[in-house]
Each structure stands twice: as structure tokens, then as C-alpha cells.
Amino acid sequence: PGSITYSQSSVYGTNSAATNAGMTNGSFAESYQTATNFDTGSVSWIQMDLGSVNVVASVVIGCDFSNTLAGGWGKGYTEGRIVEYSTDGSSWTAAFTVPTLTAGITSFSVSFSARYVRIRTPSTSQFVAVTEFYVT
């Protein structure tokens, strides 16, 4: 894909919003932590727009694996979150649920075509936090 544009349901407190510079730089322990606030009426999400429909072979997700970032956004705010994809941004298909992570950055093999890919909470009143989020 070309240039990725990020958006998210909300930004929690003083956390950085999802940006290409923060989500694609290969570092899992950094100041580019992105976390959503929770909304009791809907799920929280962080989404990338690939600009056009692309074939996606992997989804890369990074987390605060060593739980060292300010705010305590450890891997528990990434595990159990659902990765979904869409061609139109309104109809979503689940690709996988993030399992127990064993590293700060993990690449998950997938095979789908999408313009939009997002990571979201499985229910309301939860947070999602990542330090890396991109596709290949």
C-alpha cells in the first residue's frame, strides 16, 4: 500500500493520536503509544486507510510489551482485541483476534483485500492500545 492514513474513535488523555510516523517505525517501546478512550455506548478502535483496495498479506501489531510506557499501557490492552477489514469502511469482516503476545512486535499472516483495517475492542467500556499497526 501507499501512504497510510490513521484515525481512531478517540484519544485517551495525553496519548498520541495514531500517525504514520508512530505506527510504522518498528519500535514497540516509545512515546508513540496510541490509546483510545472508552465509550460506554460503542467499541473503541484504531483504523488505517490504505487509500485504495489492496491485497494484504500480514498485519503487524506492536504493544507496550515490557509495560514501561507512561500510563501503564501493557500488552493486556492489545491482546484480545479484534482485527477487522473492509473495502468500504462500513461493512467489516473479522480477520482474527489478537492472541497472547510473546513479543513487542508481531506479524500475523493473513490473506484478504481491503482498503480499511482496524483493531477494536471486543465490547464497550474497554481500551485498545498499540505502538505499531500496519500491513504488508
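Thresholds, definitions, all that
- Residues numbered from 1 in each chain as written.
- Predicted model: local features only at pLDDT ≥ 70, side-chain atom pairs only at ≥ 80, totals over all residues.
- Heavy atoms only, no water.
- Helix = DSSP H or I, 4+ residues; strand = E, 2+ residues; numbered from the N terminus.
- Rg over C-alpha atoms; globule rule 2.2 N^0.38 Å.
- Buried < 20%, exposed > 50% of the residue type's maximum accessible area, 1.4 Å probe, protein only.
- Contact = heavy atoms within 4.5 Å.
- Areas by Shrake-Rupley, 256 points an atom, 1.4 Å probe, with all protein chains shown as cover.
- Lys, Arg positive; Asp, Glu negative; His and termini not counted.
- Charge placed at Lys NZ, Arg CZ, Asp CG, Glu CD.
- Pairing = 2+ DSSP bridges.
- Polar contact = N/O pair within 3.5 Å; in protein donor to acceptor, adjacent residues only side chain to side chain.
- Core = buried A, V, L, I, M, F, W, Y, C linked by side-chain atoms within 4.5 Å.

**Describing the overall build of the protein chain**
No. 1: For the protein chain, the helix and strand inventory stands at 1 helix and 8 strands.
No. 2: Helices and strands appear in the protein chain in the N-to-C order β-α-β-β-β-β-β-β-β.
No. 3: Against the globule reference of 14 Å for 136 residues, the protein chain gives a C-alpha radius of gyration of 13 Å, in line with a compact fold.
No. 4: Oriented by its inertia axes, the alpha-carbon framework of the protein chain measures out at about 35 × 35 × 25 Å.
No. 5: Burial analysis of the protein chain (136 residues in total) assigns 46% to the buried set.
No. 6: Partitioning the intrachain contacts of the protein chain with sequence separation of at least 6 by distance along the chain shows that 74% fall at a separation of at least 24.
No. 7: Here the protein chain has roughly 6,000 Å² of accessible surface; of this, 49% comes from carbon and sulfur atoms.
No. 8: Within the protein chain, one finds 5 positive and 8 negative side-chain charges whose respective centroids are separated by 5 Å.

**Points about the pairing of strand 4 (residues 82-86)**
Remember that side chains alternate between the two faces of the sheet whenever the strand is regular.
No. 1: Counting buried residues along strand 4, 5 of its 5 residues qualify, which places the element largely inside the surrounding structure.
No. 2: On strand 4, burial covers both faces: Ile82, Glu84 and Ser86 on one face and Val83 and Tyr85 on the other are all buried.
No. 3: Here 4 bridges tie strand 4 to strand 5 (residues 93-97), and the two strands are oriented antiparallel to one another. Its bridge partner lying in strand 5, valine 83 is registered against phenylalanine 96.
No. 4: Connecting strand 4 to the antiparallel partner strand 5 that follows it, the hairpin turn spans 6 residues, and glycine 89 within it adopts a positive phi of roughly 80°.
No. 5: Pairing analysis gives 5 bridges linking strand 4 to strand 6 (residues 105-120), with the strands arranged antiparallel.

**Comments concerning the side chain of serine 86**
No. 1: Structurally, serine 86 is set in strand 4.
No. 2: Reaching out from serine 86, the side chain makes a polar contact with the backbone oxygen of serine 91 at a distance of 2.8 Å.
No. 3: Each residue touching serine 86, except ones within four places of it in the same chain, is listed here: Ser91, Trp92, Ala114, Arg115 and Tyr116.

**Comments concerning the nonpolar core**
It is characteristic of soluble globular proteins that their nonpolar side chains tend to be buried jointly.
No. 1: Counting residues in each nonpolar core, the largest one holds 26 residues, and the members touching the most others are Val59, Ile61, Val117, Ile119 and Phe133.
No. 2: Among the elements of the structure, strand 3 (45-62), strand 4, strand 6 and strand 8 (132-135) are those that each provide at least two residues to this core.
No. 3: When sequence neighbours within four positions are dropped, the list of residues in contact with phenylalanine 133 reads Tyr6, Met23, Thr24, Ile46, Met48, Val59, Val60, Ile61, Val117, Arg118 and Ile119.

**What about unusual backbone geometry?**
No. 1: The backbone of asparagine 67 shows a phi angle near 50°, a positive value even though the residue is not glycine.
No. 2: Inspection of the secondary structure puts asparagine 67 in the loop between strand 3 and strand 4.
No. 3: The phi dihedral of serine 125 falls on the positive side, at around 60°, and the residue is not glycine.

**Here's the deal with the environment of aspartate 49**
No. 1: With respect to the helices and strands, aspartate 49 occurs in strand 3.
No. 2: Separated by 33 residues in sequence, aspartate 49 and serine 16 place their C-alpha atoms 18 Å apart.
No. 3: Once residues within four sequence positions are removed from consideration, aspartate 49 is found in contact with Ser3, Ile4, Thr5, Arg115 and Tyr116.
No. 4: A distance of 2.7 Å separates a polar atom in the side chain of aspartate 49 from the backbone nitrogen of glycine 51.

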